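Listed below are the residues making up each chain.
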2 protein chains.
Amino acid sequence: MDQVQRRKKGASAPTMIDVARTAGVSIATVSAYMNRSARVSDELTRRIEAAIGAIGYERNAIARSLKTGATHTIGLTVADIRNPFFTDVVATIQQVLNSAGYAVMLCSSDENTARQDEQIKLLLDRMVDGLIIAPAGDDAVMTRLVKSTRKPVVLIDRLNAGLDVDAVVIENATAVFEVIRYVIDLGHRRIGFVSGPSVASTGRDRLAGYYEALRHAGIGFDQMLVCNGNFREDDGYRAAMRLLTQPDRPTAIFSANNLMVIGALRAIRDLGLSCPDDVSVACIDDFSWADVFSPQLTAVAQPVKEIGEQAARLLLERLSGVAPPEPRLVRLQGELMVRGSCAPLS
Amino acid sequence: MDQVQRRKKGASAPTMIDVARTAGVSIATVSAYMNRSARVSDELTRRIEAAIGAIGYERNAIARSLKTGATHTIGLTVADIRNPFFTDVVATIQQVLNSAGYAVMLCSSDENTARQDEQIKLLLDRMVDGLIIAPAGDDAVMTRLVKSTRKPVVLIDRLNAGLDVDAVVIENATAVFEVIRYVIDLGHRRIGFVSGPSVASTGRDRLAGYYEALRHAGIGFDQMLVCNGNFREDDGYRAAMRLLTQPDRPTAIFSANNLMVIGALRAIRDLGLSCPDDVSVACIDDFSWADVFSPQLTAVAQPVKEIGEQAARLLLERLSGVAPPEPRLVRLQGELMVRGSCAPLS
DNA sequence: TTGTATGCGTTATCAG
DNA sequence: CTGATAACGCATACAA
């Protein structure tokens, strides 16, 4: 069909053809102008710009994507969008990627691997150019999904054994080791551990740090002192309840993340106990408000900003092809913030 | 070009043509099968499914969108993704929209109208099917952007005078009125107000509720008791500092949102004061952990879940065309959570 | 420099 | 019920 005799002037949005027609140039020239892919004479440039302004043309990113194969959109799934840790990371990733010209499609799997898999499928289906994943856990479907895509993928927060992709994590075992050692130094011997799920590398690594600290201090390991959770507030509550209602209850409780520590504190309150007088508490993940509310939580602050920046950087490098072929693993350090929620044991 | 003699088997992802070829059917039949748009015989269905499995075909959403004009993606911009209020709303919107088959593209404007406008442009450019906006503020560019798009738009949290679109907000003035009345009933007369920006309807409405409560109680209005902020933590800190360092300092401080109240509490601490002994504190926006940390904040809990659900519902109704032509305004009620951060004034 | 023609992967129309 | 073919809006070799 002739490019001139179209566009009934009513229905749909103006296209490049309309611009070409009203500017009296060819569609290729308009395209060249839009992409600065070739020099367009000043005269035509002027006419094209006038035409664009007149009919309010905006280029259709879908058609453009179909042609170029790139959407300039990246997918981001996190285990829990309500978790301030992820929120902070997301905010940074967002900023970096946006200023690099990418939009971000965000999904939260709510610590549910089935939902996570669906969302990764959704994202891949939407033809994102790349993927940043904070995995809810290692699961076979996701592994297969990620392996079978040719899009660059960056893992954050948690590793997945079966995946050879770029990743940004913190030294979880080391971080926990340090906190537990600090608690032990305060005189505590019976230290309860509210653990994350073993399907998550963070769950496993943080528990490992706990064991290591105990062994290092020569403290025997008591199976009753470890309770599993799924990183949610309720899990922390239940775990702390179980820990604190046993005969020889722990004098300190460590929570493997921020949400569970709130649950644990609620359990402490519901049992009529107080922190740090009756039970010392520490955790991984800092709160921005930790210094203004009591108990002022002793916690390991994760370098959220840097995690986000590094993740975005790794992805951007892959997208622009300047990354080396082998996967890169960035390991960051947490920082122990000693506050008032752990008391010395007399 | 003949649909059979293509696909060099190496490079790009398999297309419908490949499926048609390996299944020995026509491309239209494959399409009919994929969309269930027409009955396909059992025999062909079987062959198509086998082919899809064999070559690992996945339908290209970009091409599909180009053809159908729908992306099944909706854009969502919030004023601040780090604010738990927005996070909660986002999480709900996400869930509802996802289960309706839509993906969500999220942007955070960080209370910056310029960034917000860019992001709305970005989203519209990505051809989202609809938009949910928590405006950083009324600004002309956004108003024009929203007005000129034919995509359905839903506003949440904040209204924009110039826009005749669906919206979900809470009764801000009423909510503040109630809190302030409660504080007045405790005996307070000098009540500082840490306000949001006047470019945001929430900023204006909440301040109006404050004035109304004072007038209702016959308390004179003192210009020195109101400090403007931009809903960020730092603003709350600065505002509270100014309020509490004046000669006849207020006995109570009300913060127009959650982030600023944390700043205010930090200021109180830095001044060597304590809450609620020296200064009572209340705010809009509840915290999930408010009951386990001291001071236990008295606050108005916004119905975050319902805000998200209603916003998603309004948008979905527009998308499916079952909505009435005129814009709908959903006004929800906040709930005053009385805790311990406000003390009676002897 | 500027214009023409073709294809990206689907969907949809219309014959068979 | 199935098959061929024309768009969807843009980019891009290639021709002029």
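Rules of the game
Residues numbered from 1 in each chain as written. Chains lettered and ligands numbered in written order. Predicted model: local features only at pLDDT ≥ 70, side-chain atom pairs only at ≥ 80, totals over all residues. Heavy atoms only, no water. Helix = DSSP H or I, 4+ residues; strand = E, 2+ residues; numbered from the N terminus. Rg over C-alpha atoms; globule rule 2.2 N^0.38 Å. Buried < 20%, exposed > 50% of the residue type's maximum accessible area, 1.4 Å probe, protein only. Contact = heavy atoms within 4.5 Å. Areas by Shrake-Rupley, 256 points an atom, 1.4 Å probe, with all protein chains shown as cover. Lys, Arg positive; Asp, Glu negative; His and termini not counted. Charge placed at Lys NZ, Arg CZ, Asp CG, Glu CD. Near = heavy atom within 4 Å. Polar contact = N/O pair within 3.5 Å; in protein donor to acceptor, adjacent residues only side chain to side chain. Nonpolar A, V, L, I, M, F, W, Y, C, P; charged D, E, K, R; others polar. Pairing = 2+ DSSP bridges. Axes fitted to C-alpha atoms, helices over the stretch in contact; angles between N-to-C directions.

Per an unreviewed UniProt entry, chain A is named LacI family DNA-binding transcriptional regulator, and its organism is Paracoccus pacificus.

Caption draft 1: The arrangement of the overall build of chain A in detail. The number of helices and strands found in chain A is 12 helices and 12 strands. Its C-alpha atoms give chain A a radius of gyration of 27 Å, clearly above 20 Å, the size a compact globule of 346 residues would have. Its C-alpha atoms put chain A at 90 × 40 × 30 Å along the principal axes. Here chain A, with 346 residues, has 55% of them falling under the buried criterion. Restricting the contact set of chain A to residue pairs at least 6 apart, pairs at least 24 apart contribute 68%. Surface summary for chain A: the accessible area is close to 14,500 Å², and the carbon and sulfur share equals 52%. If the 39 positive side-chain charges of chain A are averaged to one point and the 40 negative ones to another, these points end up 9 Å apart.

Caption draft 2: Local environment of the protein's contact with DNA strand D. Taken together, 25 residues surround DNA strand D, and among them Met16, Tyr57 and Arg64 of chain A together with Ser41 and Lys67 of chain B come closest. When atoms of DNA strand D within 4 Å of the protein are split into backbone and base, the sugar-phosphate part holds 75%. Backbone polar atom of Met16 of chain A to a phosphate oxygen of DNA strand D: 2.6 Å apart, as the coordinates give it. For the surface near DNA strand D, the secondary structure elements donating two or more residues are α2 (27–35) and α4 (61–68) of chain A together with α2 (27–35) and α4 (61–68) of chain B. No other element matches α4 of chain A, which puts 4 residues into the surface near DNA strand D. Of the residues belonging to the surface near DNA strand D, the class tally is 11 nonpolar, 8 polar and 6 charged.

Caption draft 3: Quick peek at the sheet that holds strand β10 (residues 298–301) of chain B. Residue and element names in this part refer to chain B. The strand order across the open sheet formed by 6 strands is β7-β6-β8-β9-β10-β12, and the pairing between neighbours is mixed. Looking at the sheet topology across the chains shown, the edges are occupied by β7 (226–228) and β12 (335–337). For this sheet, the mean inter-axis angle between neighbouring strands, taken without regard to orientation, is 15°. With respect to the sheet, helix α9 (residues 201–217) is in contact with β6 (191–195), β7 and β9 (280–284), its orientation differing from that of β6 by roughly 170°. Across the face of the sheet, helix α11 (residues 258–270) comes into contact with β6, β8 (252–255) and β9 while running at roughly 165° to β9.

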